[in-house]
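Commentary on secondary and tertiary structure
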Amino acid sequence: MSPRNVEKDLLQREKRINHILDSALETIAVKGIGSVSINDIAAAAGMSIGNMYHYFKSKTEIISEILRRGQTGYGDHVTRIAEQECPALEKLFMLAESWLALENSWAYTILIHTSRLSDASSEEIRKAVTERFTNNLGPVAAMMRQGQQEGHVVSGDPLELAYYFVSLIQGLTLQKVPGAEVPIRARASSIVALFAGRAKR
């Protein structure tokens with residue numbers, strides 16, 4: 001097989017894996033980690049069970065990969081925002097707005113929290129999810145620290161403020177579950193205002 005064909009096959013495989021993970025996310029979030037089956041995931045992806053096993057060995061492997069990719073992608077995103085050359089409140093606004101605008105943020109939030117609470121989750125998954133969540137608070141804490149230095153963010157431990165900020169946004173995304181949406185729009189500017197302090201004089 002030529003290198004070109006190998007590359008094409010790898011790209012096709014990656015595309016199929018992404019399709020499975022994207023299709024599985026909302027199905028797992030709605031049905032629950034303990035109740036969802038590999039059959040449910042295969043149906044959501046429009047694939048046969050046999051074909052599904054070419055890409056993933058188990059439901060647990062699919063859930064673990066959705067969480068890993070989602071949390072790693074979020075971590076990269078928040079780090080890029082933290083590294084930008086602009087005031088901290090602008091960074092916090094960008095972060096809040098981008099997370100609220102994500103169409104399936106509610107499903108990620110459900111999956112992140114249920115993976116840590118469900119008996120159906122392995123200890124390995126619980127530990128990895130909690131560790132990534134905690135690590136991803138670091139760049140947000142850096143934004144809070146910067147804001148405090150600029151005189152525009154309330155006083156307090158930056159990591160603790162980051163924890164409140166992220167938890168607030170995640171809680172709001174849970175109100176966006178399709179078919180059960182709360183008819184109130186969450187605004188990034190209003191969220192950021194809760195953490196804004198007086199400017200230094």
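Our structure is the block above this text.
Residues numbered from 1 in each chain as written. Predicted model: local features only at pLDDT ≥ 70, side-chain atom pairs only at ≥ 80, totals over all residues. Heavy atoms only, no water.

A look at the pattern of salt bridges
As enumerated under the stated definition, the model contains 4 salt bridges in all. Put simply, arginine 69 and glutamate 65 hold a salt bridge, and the shortest N to O gap is 2.7 Å. Of this pair, arginine 69 and glutamate 65 both sit in helix α4 (residues 59-82), 4 residues apart, roughly one helical turn. Linking arginine 126 and glutamate 123 is a salt bridge whose minimum nitrogen-to-oxygen distance equals 3.3 Å. (Salt bridge = Lys/Arg side-chain N within 4 Å of Asp/Glu carboxyl O. Helix = DSSP H or I, 4+ residues; strand = E, 2+ residues; numbered from the N terminus.)

As for the packing of helix α5 (residues 88-101) against helix α8 (residues 158-173)
The contact between α5 and α8 brings their axes to 10 Å, and the two run at 25°. As summarised for this structure, α5 and α8 are arranged roughly parallel, according to the angle between their axes. Once α5 is placed against α8, the crossing between them reads as right-handed. Along the contact surface, α5 presents Leu92, Leu95, Ala96, Trp99 and Leu100, while α8 presents Phe165, Ile169, Gln170, Leu172 and Thr173. Residues belonging to the contact of α5 with α8 are distributed by class as follows: 8 nonpolar, 2 polar and no charged. (Axes fitted to C-alpha atoms, helices over the stretch in contact; angles between N-to-C directions. Parallel < 35°, antiparallel > 145°, perpendicular 65-115°, else oblique. Left-handed = near helix turned anticlockwise from the far one by under 90°. Contact = heavy atoms within 4.5 Å. Nonpolar A, V, L, I, M, F, W, Y, C, P; charged D, E, K, R; others polar.)

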